[in-house]
Amino acid sequence: MTVQHKPFAITLDVGSSHLNKTGSWRSMRPVYVDRLPPCNKTCPSGEDIQGWLSLAEEENYEAAWRLLTRDNPFPAIMGRVCYHPCEGACNRGQLDLPVGINSVERFIGEQGLIHNWQFEAGEDTGKKVMIIGAGPAGLSAAYHLRRFGHAVTVFEAAEKPGGMLRYGIPKYRLPREKLNAEIYRIEDMGVEVKLNHKIEDIEATKKSGGFDAVLICVGAQKSNMIEFEGDAGIPILDALKVLRDTELEQPNQLIGRVVVYGGGNSAMDVARTAIRLGAQDVKVISREDPDNMTAHKFEIQETIEEGAEVVNLRTIKSVNGHEITLEIMKISEQHHSGHLRVVGTGNYETIEADVLVLAIGQNVDPALFSKTPDIELDSHVIKVDAIMQTTQEGVFAAGDAAPSQRSVTSALGHGKKAARAINAWLDGKVYQPAPQNEIASFDKMEPWYYSDAPRTVQPHLDAVRRRNGFAEVVGDLDIEHAKYEARRCMSCGNCFECDNCYGICPDNAIRKLGQGKGYEFKYDYCKGCGMCDAECPCGAINMIPEDI
Amino acid sequence: MSNQDSNTDIPCEQQTVKFYQTGTFTVGNRLLDEGCRTVQATAERANSLDSGHRACQGCGQALGARYALDAAMRATDNKIIAANATGCLEVFTTPYPETAWSIPWVHSLFGNVAAVASGIAASLKAKGDTTTRVIAQGGDGGTTDIGFGCLSGMFDRNDDVLYICYDNGGYMNTGVQRSSATPPAARTATTMPVGDNPGSSFTTGKFLPAIAMAHEIPYVATASVHDLHDLERKVEKAMTFRGARYIQINVPCPLGWGSQPALTIKLSRMGVECGLVPLFEAENGKLTDSTKIRYRIPVEDYLKLQRRFAHVLKPQNTHQLDAIRQIAEDNIKRYNLV
């Protein structure tokens, strides 16, 4: 042993402060976490929106498309028709305006079509699934089941696939070449779609086709109708049939003075279609006040821009000849105590019309299930359990036919969920949804760091040019704007490697592991001050108590 | 500008940074060109002040010192000698026989760091070494009170030293006594919140950046630990000059300010955003640039997070709050902050 010569009165060796493990001071420990961004949580299709926006920020569009289509096979379609509840939940909305997620989704969808990116089917499992209905729920389920490796046949009663995407959403919102291209891509995975093939007997078809499981995605196609008092001298049409006839380019009687009854998106679609077909005077009659109509605000606004009149707080009392009598309604002052929100005033007015279209909701057609007594209905929809299984073993239901929000996006989400449930069921298991992370709420973030960046607005076709054709109303973002919009994402709850924690640690107690690998804490030296947590822009650090 | 080296380029100053999520507000940014990121964002930073030092949790000075020295190290290709006045920074980094410094570093007395640094610069000149640069550093006490004579002399002789003052507004490691840089109304151990004008006096105090400007030295700047890009740019710019330079960095002190350690960066940001901590640059005695306030906030938002100002927010002391508001207003006008 060598004798150390130490300075006078010093018992320690001269050395670096590294010997002094200041981590022992700590009572709280920082940890890196992934929190669930509110957009992802709100998306009915369960997309990893923050994830694919992050890839789009880096201009890695194919990776973004692959991640997006992991959950939703229709980015070019949904980039147009989704009502984007994600944007309503977006934390950036509390800073300036929400990220234009839907417009970036559309851009990525377009990239997929331009570059002809394709899906791959999973390894063959030998199992066969029959799906009834080639609407959004059925096609989504077919896609996910095919990715699991099951053989899928979709039976569709109509002459073309797409369901409500084709027969309920007008061309000016969804050009048919986009719709067709994204449906073909699913067929190209080996999904068989049998058109003009109405299923009369589910059990018999299942047996004769050798199917292991059945998924019912027949939608809600029966329009609600009302019998009015009086002697109507004008046609009273159903909104779904009008939209369907328009799609098939068949005469649909939308001429002269058109009155649409209803306050939802279908009512707006019919009114806007009537304007495009040359109707002279289009009125939408809504029972509700403008703030409580079920149609989305931008749909109502675009409808008015195109020249339709929206008449609020009216119900139709009677139809006599060309004369429609409306009752003037009012919002009840007692509606908070359980009374009806909107009540009649007993005052009436009349308008003239040449055609009346009812757009007051749809339901599942119960006649479809007359031969399957084991499949029970409840409140006009198919009864399903937590894993989307009907009251008959091995038969599942999804989309508008099952209890749902009745939007295209929720239908896609239903299709995915049903596919996962069927996949588990075919394997003799019960589907368990993955547990969700804690929500990345705005209060966990430090918004000061985000640059000021106003939202990009998608180009819109002039109202005058919209009135005389079915050209698409809303345009694409160009590549620069799509990149900019993606880079407005605040990456809530998920580290985007801004180096803030690494830079601001007064104790140099964070190690940077290199691009894409993130960081790690050096707990030997971390004093637990919490600055990294306080200054993490996106809230991807949490402070937890130490065991002392 | 004869006394400025012409061959040192300052990254990113002229480059327009397009919108990259957080732009240049965060330490790094994966979408930014490497050259536009801060020194602190790199895995290769010098870590001039390294782990194991004994500063309190959330120490702003420990952070400011690493920021400034690492930037100076990059600007000079790691050729830095630092002289350090007595004070927190010396005490918590160098309890014999340990040191947290990974650069050539010497401890002077409390009051003579500017003279020691001048001597080092003179010896380098005598040796013909033109590449090694000298930094003197200390807290506000060692700078504005105890070391002021030596510092003024260093300015007067225009010695080739960058003097960095880490201003936390008091003598913190000896128990939070008032310095001549303690802000008006702040409670310290020697300015207790009693009487009609509780806390530190409104009438005295020294704002050393203005005094340095009065010496008409080549470069004077103020910086804050919350704006790293700004801070690093100023240090790197200072290294392009020869002669006496002065940078004062606002560093929150959780112990002396009575603030949460986690809020150190937030407080330094709020101090700037409310107008009480003006960020500016001056060359040869003339104001040349100022960092604009991004989102102006009321001074009380800044004060209420600090226990040392608790009495200012009481109803009987609104005259103090009004006076502090006026200081912020005056700063904004004088230094063109909006």
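Residues numbered from 1 in each chain as written. Chains lettered and ligands numbered in written order. Predicted model: local features only at pLDDT ≥ 70, side-chain atom pairs only at ≥ 80, totals over all residues. Heavy atoms only, no water.

Chemist: Summarise the overall build of chain A; cite the residues concerned and give the values.
Modeler: Secondary structure summary: chain A contains 18 helices and 22 strands in total. Summarising its shape, the C-alpha atoms of chain A cover approximately 115 × 55 × 50 Å along the three principal directions. With 548 residues in all, chain A has 55% of them scored as buried. In chain A, 71% of the contacts between residues at least 6 apart in sequence involve partners at least 24 apart. Counting every atom, chain A has about 23,800 Å² of accessible surface; 50% of that belongs to carbon and sulfur. (Helix = DSSP H or I, 4+ residues; strand = E, 2+ residues; numbered from the N terminus. Buried < 20%, exposed > 50% of the residue type's maximum accessible area, 1.4 Å probe, protein only. Contact = heavy atoms within 4.5 Å. Areas by Shrake-Rupley, 256 points an atom, 1.4 Å probe, with all protein chains shown as cover.)

Chemist: Outline helix H9 (residues 176–187) of chain A, listing residues and values.
Modeler: All names here are of chain A. Across its 12 residues, H9 extends 16 Å between first and last C-alpha, which sits within 8% of the 16 Å expected from 1.5 Å per residue. For H9, the full list of buried residues reads Arg176, Lys178, Leu179, Asn180, Glu182, Ile183, Arg185 and Ile186. Residues of H9 that are buried make contact with helix H3 (61–69), helix H4 (75–81), helix H6 (101–115), helix H7 (136–148), helix H8 (164–167) and helix H11 (239–247). (Expected span 1.5 Å × (residues − 1).)

Chemist: Outline the pairing of strand E10 (residues 281–285) of chain A, supporting the account with residue identities and numerical values.
Modeler: Residues and elements named next belong to chain A. Across the five residues of E10, four count as buried, placing the element largely inside the fold. In this sheet, E10 lies alongside strand E9 (residues 257–261) in parallel orientation, the contact comprising five bridges. Looking at E10, one finds that valine 258 is bridged to valine 282. Where the polypeptide runs from E9 across helix H12 (residues 265–276) and back to E10, its parallel neighbour, the crossover connection is right-handed. As judged from the three bridges shared by E10 and strand E11 (residues 309–311), these two strands associate in the parallel manner. Directly across from lysine 283, in E11, lies its bridge partner glutamate 309. (Pairing = 2+ DSSP bridges. Right-handed = clockwise from strand over helix to strand, strands pointing away.)

Chemist: I'd love a proper account of the sheet that holds strand E15 (residues 355–358) of chain A, names of residues and values included.
Modeler: Sheet strands associate in pairs through backbone hydrogen bonding, adopting either a parallel or an antiparallel arrangement. Residues and elements named next belong to chain A. As summarised here, the arrangement of the five strands in space is E8-E15-E9-E10-E11, forming an open sheet in which the pairing is parallel. The sheet is open, and its two borders are formed by strand E8 (236–238) and E11, each paired with just one other strand. Here the average twist between neighbouring strands, direction ignored, is 25°. Where E8 lies against E15, three bridges are found, and the strand directions are parallel. The residue bridging aspartate 238 from the neighbouring strand is leucine 358, located in E15. Across the sheet, H12 is in contact with E9, E10 and E15; its angle to E10 comes to roughly 175°. (Axes fitted to C-alpha atoms, helices over the stretch in contact; angles between N-to-C directions.)

Chemist: So what's going on with the pattern of salt bridges? Which residues, and what values?
Modeler: Side chains carrying opposite charge are able to pair once their charged atoms draw close together. Residue and element names in this part refer to chain A. One pass over the full model with this rule turns up 67 salt bridges over all chains. With a closest N to O distance of 3.0 Å, arginine 92 and aspartate 96 form a salt bridge. Measuring nitrogen to oxygen at the nearest pair gives 2.9 Å for the salt bridge that ties aspartate 354 to arginine 257. Linking aspartate 354 in the loop between strand E14 (342–352) and E15 with arginine 257 in strand E9, this pair joins segments that are 97 residues apart in sequence. Residue classification places aspartate 354 among the partly exposed positions, given a relative accessible area of 21%. Each of Arg173, Asp269, Arg272, Arg276, Glu299, Glu302, Glu305, Glu306 and Arg466 takes part in salt bridges that share partners, so that together they form one network. (Salt bridge = Lys/Arg side-chain N within 4 Å of Asp/Glu carboxyl O.)

Chemist: Any details on the interface of chain A and chain B? Residues and values, ideally.
Modeler: Interface size is commonly expressed as the accessible surface area that is lost when the partners come together. Of the residues lining the interface, 55 residues belong to chain A; the matching set on chain B comes to 49 residues. For the pair chain A and chain B, the summed buried area comes to about 4,500 Å², and 49% of that belongs to carbon and sulfur atoms. Among the residues chain A hides against chain B, the three largest losses belong to Trp448(A), Arg487(A) and Asn508(A). Together they make up 16% of the total. Remark: the boundary between chain A and chain B carries five salt bridges. Among the salt bridges present, the one from Arg30(B) reaches Glu57(A), with a minimum N-O distance of 2.4 Å. The interface formed by chain A and chain B contains 42 residue pairs in polar contact (both at pLDDT 80 or more). Counting residues per element, the ones that place at least two in the side of chain A that touches chain B are strand E1 (15–16), helix H2 (49–57), helix H16 (479–486), helix H17 (500–504) and helix H18 (531–535) of chain A. In terms of residue count, the dominant contributor to the side of chain A that touches chain B is H17(A) (four residues). Tallied by class, the residues present in the side of chain A that touches chain B amount to 24 nonpolar, 15 polar and 16 charged. Strand direction decides the pairing type here: E1(A) and strand E2 (residues 98–99) of chain B, joined by two bridges, are parallel. Bridge pairing links Gly15(A) to Glu98(B) in E2(B). (Buried area = accessible area lost by both parts, 1.4 Å probe. Polar contact = N/O pair within 3.5 Å; in protein donor to acceptor, adjacent residues only side chain to side chain. Nonpolar A, V, L, I, M, F, W, Y, C, P; charged D, E, K, R; others polar.)

Chemist: Describe the domain arrangement of chain A, and please don't skip the residues or the numbers.
Modeler: According to the domain assignment, chain A contains domain 1 (3–34 + 495–545), domain 2 (38–117 + 445–486), domain 3 (128–221 + 364–426) and domain 4 (224–360). Relative to domain 4 of chain A, the C-alpha centre of domain 1 of chain A lies at a distance of 65 Å. (Domains from an automatic or database assignment.)

Chemist: Tell me about the domain arrangement of chain B, and name the residues and values.
Modeler: Entries for chain B in the domain assignment read domain 1 (1–37) and domain 2 (46–334). Spacing between the C-alpha centres of domain 1 of chain B and domain 2 of chain B amounts to 24 Å.

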